[in-house]
Amino acid sequence: MSTHFSEFNLSVGRIVAERGSVVTDVYFPSSGVFSIVTLMEDGEAVESLTVGREGAIGLVAALGEPVSEARAIVQISGSAWRISAERLREVAGHHPVIARVAIRYSQVTVAQLHQAAACNALHEVGPRLCRWLLTCEDRIGDNVVPLTQEFLAMMLGVQRTSVTAAAQALQVKGLIRYQRGRITILDRRGLEAAACECYRFSEQTFDHMFGSLDKGAA
């Protein structure tokens, strides 16, 4: 199956899927991070899901109704393996495990979306920022998270001033070092303690759903 893939460069800000567009390719990040973004009529946007090396962009749609439900934009540069949706469907027809993985990934995604909606409505900016930073570190495998204030504000659905205040508070506590264009995580355990419950929920959900695949669970 490896011969069906090609390497794809992920440059920050690149859009690989748009809401309502036909899904022609599926992306499996090996480094870098995608944001699944929900757009409003007035142009405002907020992140609904972060996808890195644990997930895929377009996988579920490619095997079902091949239409994207949201915008997928590169948040952190890196690379991904790309396969055409048509070829993936052909391969999945011969390998049922691919459909099983897609179904489970869909379940995990829905659970994370529900949790994100509750998190955005109920939790303060500081704990949410901790959750997001931990998630990004998990996805890229590096304690230095490159980003801009604009991206952070969009990810959290708040004003830039709120992001700055929350990041400075974490820096004062010695949890991070906040510089223009990047955040360095200095104390992961402290950041985990300061994060809202949603981080632990998302990670536990993913582990639970995929931990039994190698045991032949349906």
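For the structure itself, consult the block above.
Residues numbered from 1 in each chain as written. Predicted model: local features only at pLDDT ≥ 70, side-chain atom pairs only at ≥ 80, totals over all residues. Heavy atoms only, no water.

With that settled, consider the overall build of the protein chain. For the protein chain, the helix and strand inventory stands at eight helices and eight strands. Relative to the globule expectation of 17 Å for 218 residues, the C-alpha radius of gyration of the protein chain, 17 Å, shows essentially globular dimensions. Judged by the C-alpha coordinates and their principal axes, the protein chain covers about 55 × 40 × 30 Å. Classification of the 218 residues of the protein chain by burial places 45% in the buried group. When contacts within the protein chain are restricted to residue pairs at least 6 apart in sequence, long-range pairs at least 24 apart make up 74% of them. In the structure as shown, the protein chain presents an accessible area of about 11200 Å², 52% of it carried by carbon and sulfur atoms. (Helix = DSSP H or I, 4+ residues; strand = E, 2+ residues; numbered from the N terminus. Rg over C-alpha atoms; globule rule 2.2 N^0.38 Å. Buried < 20%, exposed > 50% of the residue type's maximum accessible area, 1.4 Å probe, protein only. Contact = heavy atoms within 4.5 Å. Areas by Shrake-Rupley, 256 points an atom, 1.4 Å probe, with all protein chains shown as cover.)

Right, let's talk about the layout of surface pockets for a bit. Counted as a void, the largest pocket has a volume near 640 Å³. Lining the largest pocket are 29 residues; nearest its centre among them are Ile 36, Val 60, Glu 69, Ala 70 and Thr 109. Of all the secondary structure elements, the ones that give two or more residues to the lining of the largest pocket are strand S3 (25-39), strand S4 (45-51), helix H1 (59-63), strand S5 (71-84) and helix H3 (96-122). At five residues, H3 tops the list of elements feeding residues into the lining of the largest pocket. For the lining of the largest pocket, the class distribution of residues is 18 nonpolar, six polar and five charged. (1 Å grid on protein atoms, 1.4 Å probe; cavity = no way out; pocket = protein on both sides within 12 Å on 5 of 7 lines; lining within 4 Å. Points joined across faces, edges and corners; volume = space filled by probe spheres on them. Nonpolar A, V, L, I, M, F, W, Y, C, P; charged D, E, K, R; others polar.)

For helix H6 (residues 160-172), with 13 residues, the first-to-last C-alpha span of 18 Å sits near the 18 Å given by 1.5 Å per residue. Listing the buried residues of H6 in full gives Val 163, Thr 164, Ala 166, Ala 167 and Leu 170. Of the surrounding elements, those touching the buried residues of H6 are helix H4 (125-140), helix H5 (149-156), strand S7 (176-179) and helix H7 (188-194). (Expected span 1.5 Å × (residues − 1).)

All right, on to the packing of aromatic side chains then. Geometrically, a pair of aromatic rings is defined through the distance of the ring centres and the angle of the planes. For the structure on display, the rule yields three aromatic pairs. Taken together, the ring pairs in this structure connect Phe 8, Tyr 27 and Phe 34 into an aromatic cluster. (Phe/Tyr/Trp six-rings, centres within 6.5 Å; stacked < 30°, edge-to-face > 60°.)

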